[in-house]
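# What the coordinates show
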Amino acid sequence: TIDGATVSVTYGRPYMKGRKVFGGLVPYGQVWRTGADEATILETDKALMIGPIHVNPGKVSLYTLIDASTWRLVLNKQTGQWGTEYAQTQDLARVAMKTETLSAPVEQFTIAIEKNPAGKGGVLVIQWETTKASVAFTTM
């Protein structure tokens, strides 16, 4: 619960298993399903502002578009599909994410919803391999 909103993410959690993840298993320049198996789903019972984008209560699928230096979170209106079934025509928006390099690798892919330490709202945090990507959100 963040500022009165219940926000959850349902996703598959793949492992590195010795593989090169970003720029390897997850190719640069292609939309990635952000997890494994079924499409990753963000669900909220209150409206959110994810970066500059208004997201209505309900569900959206989360994908990411990654290159060597930037990440974009893709908010997609289609839900219930297998993770590899991506329809760009259903995109709500693409939001820039902040990235940083971790000092130790994260073996199993992780998404977390955290309270924003810088103030109001929360932060969606993705960690895998040696990368941490995040985007702040506020409740409406």
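Preceding this paragraph is the structure being described.
Cut-offs used in this document
- Residues numbered from 1 in each chain as written.
- Predicted model: local features only at pLDDT ≥ 70, side-chain atom pairs only at ≥ 80, totals over all residues.
- Heavy atoms only, no water.
- Helix = DSSP H or I, 4+ residues; strand = E, 2+ residues; numbered from the N terminus.
- Buried < 20%, exposed > 50% of the residue type's maximum accessible area, 1.4 Å probe, protein only.
- Contact = heavy atoms within 4.5 Å.
- Pairing = 2+ DSSP bridges.
- 1 Å grid on protein atoms, 1.4 Å probe; cavity = no way out; pocket = protein on both sides within 12 Å on 5 of 7 lines; lining within 4 Å.
- Points joined across faces, edges and corners; volume = space filled by probe spheres on them.
- Nonpolar A, V, L, I, M, F, W, Y, C, P; charged D, E, K, R; others polar.
- Salt bridge = Lys/Arg side-chain N within 4 Å of Asp/Glu carboxyl O.
- Phe/Tyr/Trp six-rings, centres within 6.5 Å; stacked < 30°, edge-to-face > 60°.

## What about the overall build of the protein?
When you go through the protein residue by residue, the secondary structure sums to 0 helices and 9 strands. When its helices and strands are written in sequence order, the protein yields β-β-β-β-β-β-β-β-β. Expressed as lengths along the three principal axes of its C-alpha atoms, the size of the protein is roughly 40 × 35 × 20 Å. Taken across its 140 residues, the protein has 42% of its residues classed as buried. Contacts in the protein between residues far apart in sequence, at least 24 positions, make up 56% of those at least 6 positions apart.

## Some thoughts on the pairing of strand E6 (residues 58-66)
Pairing geometry for strand E2 (residues 31-32) and E6, over 2 bridges, is antiparallel. Pairing of Trp32 across the sheet is with Thr64, part of E6. Relative to E6, strand E3 (residues 40-44) runs antiparallel, the two sharing 5 bridges. Following the sheet pairing, Thr44 is matched in E6 by Gly58. Counted between consecutive antiparallel strands, the loop separating E6 from strand E7 (residues 71-76) contains 4 residues.

## Observations concerning the layout of surface pockets
Looking at the largest pocket, its volume works out to about 160 Å³. Lining the largest pocket we find Thr10, Tyr11, Gly12, Ala36, Asp37, Glu38, Ala39, Ile41, Lys59, Gly80 and Gln81. For the lining of the largest pocket, the class distribution of residues is 4 nonpolar, 4 polar and 3 charged.

## Points about the pattern of salt bridges
In total, this model carries 3 salt bridges according to the counting rule given. Between Glu129 and Lys20 there is a salt bridge whose closest N-O contact spans 3.9 Å. Placement of the pair is Glu129 in strand E9 (residues 122-139) and Lys20 in the loop between strand E1 (7-10) and E2, with a sequence separation of 109 residues. Take Glu129: its relative accessible area is 10%, and that puts it in the buried class. One salt bridge connects Asp91 with Arg94, and the closest N-O pair in it is separated by 3.2 Å. By relative accessible area, which is 32% here, Arg94 ends up partly exposed.

## A short note on the packing of aromatic side chains
One pair of aromatic rings is described through two measures. These are the centre distance and the angle between the planes. The tally for this structure, following the rule as stated, stands at 8 aromatic pairs. When the centroid spacing of 6.2 Å and the interplanar angle of 85° are considered together, the rings of Phe22 and Trp32 count as edge-to-face. Taken together, the residues Phe22 in the loop between E1 and E2 and Trp32 in strand E2 connect sequence positions 10 residues apart. Both residues of the pair, Phe22 and Trp32, belong to the buried class. With a centroid separation of 5.1 Å and 65° between ring planes, the pair formed by Phe22 and Trp71 is classed as edge-to-face. Here Trp71 lies in strand E7 and Phe22 lies in the loop between E1 and E2, a separation of 49 residues in the sequence.

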